[in-house]
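Breakdown of the fold
These are the residues of each chain, in order.
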Amino acid sequence: MDARGSRSYIAPMDFASAFAPAFDAVAEIVRSIPRFELLIAAIVAMVGGWIGAVMVHRRIALGRVIRTLSTLALGAIVITVVLQLSRFDSRIDLAVPQLGLPAQVVEGGETRVPLSPDGHYWLEAQLNGVPANFLVDTGATVTAVSQEVADRAGLTARTGGIPVRITTANGSINAQISTADTLSFGNVEASGIDVVIAPNLGQTNVLGMNVLSRLAGWRVEEQTLILVPAEADLGE
């Protein structure tokens, strides 16, 4: 065969198909970024700071004022985020009631929880006076409730609250944080506890370490979970 008469055929590249996985990955990342008030406020403050810096560079009046206000706003946002994150650690446990961050208190008497047939420890609790069952989960950082229970208990997302990303059986989801006025089970009474509202949690509510770590201790004896509040928190 005459080599000069043969032609190789190269199929045109379908750019849409070639880059579809990358586009999907980027879209998933964008969707996973929580939309919340503090994020929007931070973006506005940063844009304001940039505008103020440009105005100062061009010697336009009020440039320094805008830049200073933007810096103060960013500082306030950072402090707010730090305060909320600190509430997940019982060793810090800051409380600022003026910002909707009350003291998280766990008190009462010893409570014993028998092992359920499914191999888990379940609590029959009252959340803001509404009955709800909670799974004791030492692997959960924060207590979480379903949307149904949150609605019945009158829980709403905290204004200016930081978003929480949690992992469920159906994958990772974004959730909003709220504050429960009261959470009681057995002889234990908790107040001001941070609670995550997870729309895709299903019917399972989880008692996490933000409550358990505020106990004096907890242990398992003969398939019974024993919860012991701190002595300083015991009712007089």
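Small disclaimer: the values here were computed from a predicted structure and weren't measured.

Relative to the elements of secondary structure, threonine 224 occurs in strand β11 (residues 224-229). Residue threonine 224 is classed as buried on the basis of its relative accessible area, which comes to 19%. Residues within four places of threonine 224 in sequence aside, it is in contact with Arg112, Val113, Pro114, Tyr121 and Arg219.

Attention now moves to the nonpolar core. Counting residues in hydrophobic clusters, the biggest one holds 29 residues, and the most contacted among them are Leu127, Phe134, Val145, Leu155, Leu183, Phe185 and Leu207. Those elements that place two or more of their residues in this core are β3 (122-127), β4 (130-136), α4 (147-153), β7 (171-185), β8 (188-198), α5 (209-212) and β11. Sort the elements by how many residues they give to this core and β8 lands first, with 5 residues. Beyond its immediate stretch of four places on either side in the chain, phenylalanine 185 contacts Thr111, Leu123, Glu124, Ala125, Leu207, Val211 and Leu227. One finds Val142, Val164, Ile177 and Leu201 within the second-largest nonpolar core, a separate group that totals 8 residues.

As summarised here, the arrangement of the 3 strands in space is β2-β11-β10, forming an open sheet in which the pairing is antiparallel. Looking at the sheet topology across the chains shown, the edges are occupied by β2 (111-114) and β10 (215-221). Neighbouring strand axes in the sheet, compared pairwise and without regard to direction, differ in orientation by 15 degrees on average. As defined by bridge partners, β2 adjoins β11 across 4 bridges and the pair is classed as antiparallel. Bridge pairing in β11 links threonine 111 to leucine 227.

When the charged atoms of two side chains lie near each other, side chains of opposite charge can form a pair. This model, assessed by the stated rule, comprises 2 salt bridges. A salt bridge links arginine 112 to glutamate 110, with the shortest nitrogen-to-oxygen separation between them at 3.2 Å.

Time to look at the confidence of the model for the protein chain. The predicted model of the protein chain has a mean per-residue pLDDT of 78, with 70% of residues at 70 or higher. Within the protein chain, no element has a lower average pLDDT than helix α1 (residues 15-32), which sits at 52, and none a higher one than β3, at 94. Contacts of residues 29-35 to residues separated by more than four positions or lying in other chains number 9 contacts, the stretch itself having pLDDT below 50.

Let us now look at the side chain of threonine 143. Its place among the elements puts threonine 143 in strand β5 (residues 143-146). With a relative accessible area of 0%, threonine 143 lands in the buried category. Engagement of the side chain of threonine 143 in a polar contact is seen with the backbone nitrogen of glycine 208, the distance being 3.1 Å. With residues up to four places along the chain from it excluded, the contact list for threonine 143 reads Phe134, Asp194, Val195, Val196, Val206, Leu207, Gly208, Asn210 and Val211.

Position of leucine 135 among the secondary structure elements: in strand β4. C-alpha separation for the pair leucine 135 and leucine 123, spaced 12 residues apart in sequence, amounts to 6.4 Å. With sequence-adjacent residues up to four places away left out, leucine 135 is seen in contact with His120, Tyr121, Trp122, Thr204, Asn205, Val206 and Leu207.

This paragraph deals with a nonpolar patch on the surface. Nonpolar side chains collect at one region of the surface, where Ile43, Met46, Val47, Trp50 and Ile51 lie side by side and expose about 510 Å² of accessible area between them. Mapped onto the elements, isoleucine 51 comes out in helix α2 (residues 37-57).

Of the two faces of β3, only one is covered, namely that formed by Leu123, Ala125 and Leu127; the face formed by Trp122, Glu124 and Gln126 stays uncovered. As paired strands, β3 and β4 are joined by 6 bridges and run antiparallel to one another. When the sheet's bridge partners are listed, leucine 127 is paired in β4 with valine 130. Hairpin remark: β3 followed by β4, antiparallel, with 2 residues in the connecting loop; positive phi at asparagine 128, about 50 degrees.

What follows deals with the pairing of β8. The element β8 is extensively covered by neighbouring structure, given that 9 of its 11 residues are classed as buried. Bridge analysis of strand β1 (residues 105-108) against β8 gives 4 bridges, and the strand direction is antiparallel. Bridge pairing in β8 places glycine 108 opposite valine 188.

Cut-offs applied
- Residues numbered from 1 in each chain as written.
- Predicted model: local features only at pLDDT ≥ 70, side-chain atom pairs only at ≥ 80, totals over all residues.
- Heavy atoms only, no water.
- Helix = DSSP H or I, 4+ residues; strand = E, 2+ residues; numbered from the N terminus.
- Buried < 20%, exposed > 50% of the residue type's maximum accessible area, 1.4 Å probe, protein only.
- Contact = heavy atoms within 4.5 Å.
- Core = buried A, V, L, I, M, F, W, Y, C linked by side-chain atoms within 4.5 Å.
- Pairing = 2+ DSSP bridges.
- Axes fitted to C-alpha atoms, helices over the stretch in contact; angles between N-to-C directions.
- Salt bridge = Lys/Arg side-chain N within 4 Å of Asp/Glu carboxyl O.
- pLDDT = per-residue confidence, 0-100.
- Polar contact = N/O pair within 3.5 Å; in protein donor to acceptor, adjacent residues only side chain to side chain.
- Patch = residues over 30% accessible without salt bridge, like charges linked within 9 Å, V, L, I, M, F, W, Y side chains within 5 Å.
- Areas by Shrake-Rupley, 256 points an atom, 1.4 Å probe, with all protein chains shown as cover.

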